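Fold and geometry: a report
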Amino acid sequence: MVTDGGAPRCGECGLPLQFGTDRQGRTTEACACGYRGFVKTRLSPPAIATTVPPRTG
């Protein structure tokens, strides 16, 4: 089994990040050292078509 990487850590000081939201509903990340930022989101890959073409013949 593979273990996960644990809680995300601050790039400045290495302490665990704290997460919240701002008034516009965006997810924020913050640290006790004063670092503050917005969580970057990744787009998922496009959905693969699951329909089967009709049979001919």
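Structure: see above.
Quick summary incoming for the structure in this document. (Residues numbered from 1 in each chain as written. Predicted model: local features only at pLDDT ≥ 70, side-chain atom pairs only at ≥ 80, totals over all residues. Heavy atoms only, no water.)

Focus on the sheet that holds strand β1 (residues 18–21)
Filter applied, for reference: The pairing criterion is simple: DSSP has to find at least two bridges between the two strands. Elements are defined by DSSP. Helices are runs of H or I of four residues or more, strands are runs of E of two residues or more, and each kind is numbered from the N terminus. The angle between two axes is taken between their N-to-C directions and runs from 0 to 180 degrees, where each axis is a line fitted to C-alpha atoms and a helix contributes only its stretch in contact.
What the three strands build is an open sheet, ordered β1-β2-β3; its pairing is antiparallel. Each edge of the open sheet is held by one strand with a lone partner, namely β1 and β3 (36–38). Across the sheet, the axes of successive neighbouring strands diverge by a mean angle of 30°, strand direction being ignored.

Remarks on the pairing of β1
Pairing analysis gives four bridges linking β1 to strand β2 (residues 27–30), with the strands arranged antiparallel. The partner of Gln18 across the bridge, within β2, is Ala30. The hairpin formed by β1 and β2 contains five residues between the paired strands, and Gly25 there has a positive phi angle of roughly 90°.

Remarks on the pattern of salt bridges
Formally: Throughout this description, the term salt bridge denotes a Lys or Arg side-chain nitrogen within 4 Å of a carboxyl oxygen of Asp or Glu. Exposure categories follow from relative accessible area, calculated using a 1.4 Å probe and restricted to protein chains: below 20% of the type maximum is buried, above 50% is exposed, and the middle band is partly exposed.
Tallied over the full model, the rule gives one salt bridge. For Asp22, the salt bridge goes to Arg26, with nearest N and O atoms at 2.7 Å. For Arg26, a relative accessible area of 42% gives the class partly exposed.

Taken by themselves, the reported measurements are silent on function.
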